[in-house]
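# Coordinate inspection notes
Now for the letters of each chain:
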Amino acid sequence: MKTLTERQKEVLEFIAKFTDSNGYPPTVREIGDNFGISLRAVQDHIAACQKKGYLTQSQKRSRSFRVIKGDDVLEKRPYTAKIPLLGTVAAGKPLLCEENLDGYVTIAEPFVKPGKTYFALHVRGASMINAGILEGDLAILEQAEVASEGQIVVAVVDNAITLKRFYREAERVRLQPENPDFQPIYSKDVQVAGVMVGLVRTY
C-alpha cells in the first residue's frame, strides 16, 4: 500500500475512532466539521485513501466508509462502546426504556467486548461494600436474563432494581448483600437484567 500523508492518516484515524465509538461511520460533513475543512477537501482525502487501499465506501449508501484492517498505519485502539446509563428507574417501565436513562457513557475494553450489549448504573447505598463496591461507583453490566451462582447481578424485584449476589434456592432466589448490616432479599419473582463485568471509580 502507498504511504498516506499526515492529514490522510488523521482522516482515516477519525473514521475508525468514530465508527468504534458510535457503531457506524461518520458522514463527509462530520469529517469536515471535525477538521474544519471543506467537503471538497474531505472528498479529496477520502478518494486518496481509497486509491491507496486503506478505505472502502459504498457509493449508494451514506455512512458506508469502512477502514480496511491489517495495515500498520493506525494505532491499535482498544474497543470502546457507548452504553446507556440508568438513572432513576420508573416503576413498571422496562429497565432500559428512555424514561429510565440518564445519558450514555463510553467504556473501553476489557470492561466491554464486541458483540455484547451493556448498560451502566451508579451504585447507591453500602449493601455491597464488602465486595469492594462503594456508593457512587459506576457498575458496568452485560445484559443477561440468567446468572450463575454467586455472580453479582442487577435484578428487578417488586418493580425496584437492586445490585446483589445471585443464588438460586429450592423454590426461590436469594439476592445476597455483601454487608452484614443488610438482609438478603428472597423472592420467587426475580428478573435478572444484567451481570456485573466491571466497576469504574472516580476520585
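In this text, all values refer to a predicted model and were calculated from it rather than measured experimentally.

What follows deals with the pairing of strand β8 (residues 160-168). With six bridges connecting them, strand β7 (residues 152-157) and β8 associate as antiparallel partners. Paired with alanine 155 across the bridge in β8 is threonine 162. Connecting β7 to the antiparallel partner β8 that follows it, the hairpin turn spans two residues, and aspartate 158 within it adopts a positive phi of roughly 55°. Counted along the chain from β8 to the antiparallel partner strand β9 (residues 173-176), the turn is four residues long.

With that settled, the discussion passes to the sheet that holds strand β5 (residues 118-122). One key point about sheets: their strands pair by backbone hydrogen bonds, in either a parallel or an antiparallel sense. The nine strands lie next to each other as β4-β3-β5-β6-β11-β7-β8-β9-β10, forming an open sheet whose pairing is mixed. Edge positions in the sheet fall to β4 (101-108) and β10 (185-187), since each has one partner strand and no second. Each strand of the sheet is rotated relative to its neighbour by a mean of 40°, with strand direction disregarded. Taken together, the six bridges between strand β6 (residues 138-143) and strand β11 (residues 191-200) define a ladder with antiparallel strand orientation.

Turning our attention to helix α3 (residues 39-51). Taking 1.5 Å per residue, 13 residues should reach 18 Å; α3 reaches 18 Å between its end C-alpha atoms and fits that length. Looking at the packing, one finds that the buried side of α3 touches α1 (6-22), α2 (28-35) and β1 (55-56). Phi turns positive one or two residues past the end of α3, at glycine 53, with a value near 90°.

One way to put it is that α2 packs onto α3 with a least axis distance of 9 Å and a crossing angle of 105°. Classed by the angle they form, the pair α2 and α3 counts as roughly perpendicular. Contact residues: Val28, Arg29, Ile31 and Gly32 in α2; Leu39, Val42, Gln43 and Ile46 in α3. The residue inventory of the contact of α2 with α3, partitioned by class, reads five nonpolar, two polar and one charged.

Taken across its five residues, β5 has four buried, putting it largely inside the fold. Summarising the sheet, strand β3 (residues 80-86) and β5 pair through two bridges and their orientation is parallel. Counted as the bridge partner of leucine 86 is leucine 121 from β5.

Per-chain confidence: the protein chain averages 83 in pLDDT, with 86% of residues scoring 70 or above. Looking at the elements of the protein chain, mean pLDDT is at its lowest for strand β2 (residues 66-67), recorded as 76, and at its highest for β9, recorded as 94.

What follows is about the nonpolar core. Core analysis: the largest hydrophobic core is formed by 16 residues, its most contacted members being Leu12, Ile15, Ile31, Ile46, Leu55, Phe65 and Val67. Contributions of two or more residues to this core are made by α1, α2 and α3. If one sorts the elements of this core by residue count, α1 sits on top with six residues. Excluding its chain neighbours within four sequence positions, the residues that come into contact with isoleucine 31 are Val11, Phe14, Ile15, Pro26, Val42, Ile46 and Phe65.

Counted by the stated rule, this structure contains nine salt bridges. Here glutamate 6 makes a salt bridge to lysine 9, at a shortest N to O gap of 3.8 Å. Linking glutamate 6 with lysine 9, this pair stays in helix α1, spanning three residues, or about one helical turn. Using a relative accessible area of 29% as the deciding quantity, one classes lysine 9 as partly exposed.

Conventions and cut-offs
- Residues numbered from 1 in each chain as written.
- Predicted model: local features only at pLDDT ≥ 70, side-chain atom pairs only at ≥ 80, totals over all residues.
- Heavy atoms only, no water.
- Pairing = 2+ DSSP bridges.
- Helix = DSSP H or I, 4+ residues; strand = E, 2+ residues; numbered from the N terminus.
- Axes fitted to C-alpha atoms, helices over the stretch in contact; angles between N-to-C directions.
- Expected span 1.5 Å × (residues − 1).
- Contact = heavy atoms within 4.5 Å.
- Parallel < 35°, antiparallel > 145°, perpendicular 65-115°, else oblique.
- Nonpolar A, V, L, I, M, F, W, Y, C, P; charged D, E, K, R; others polar.
- Buried < 20%, exposed > 50% of the residue type's maximum accessible area, 1.4 Å probe, protein only.
- pLDDT = per-residue confidence, 0-100.
- Core = buried A, V, L, I, M, F, W, Y, C linked by side-chain atoms within 4.5 Å.
- Salt bridge = Lys/Arg side-chain N within 4 Å of Asp/Glu carboxyl O.

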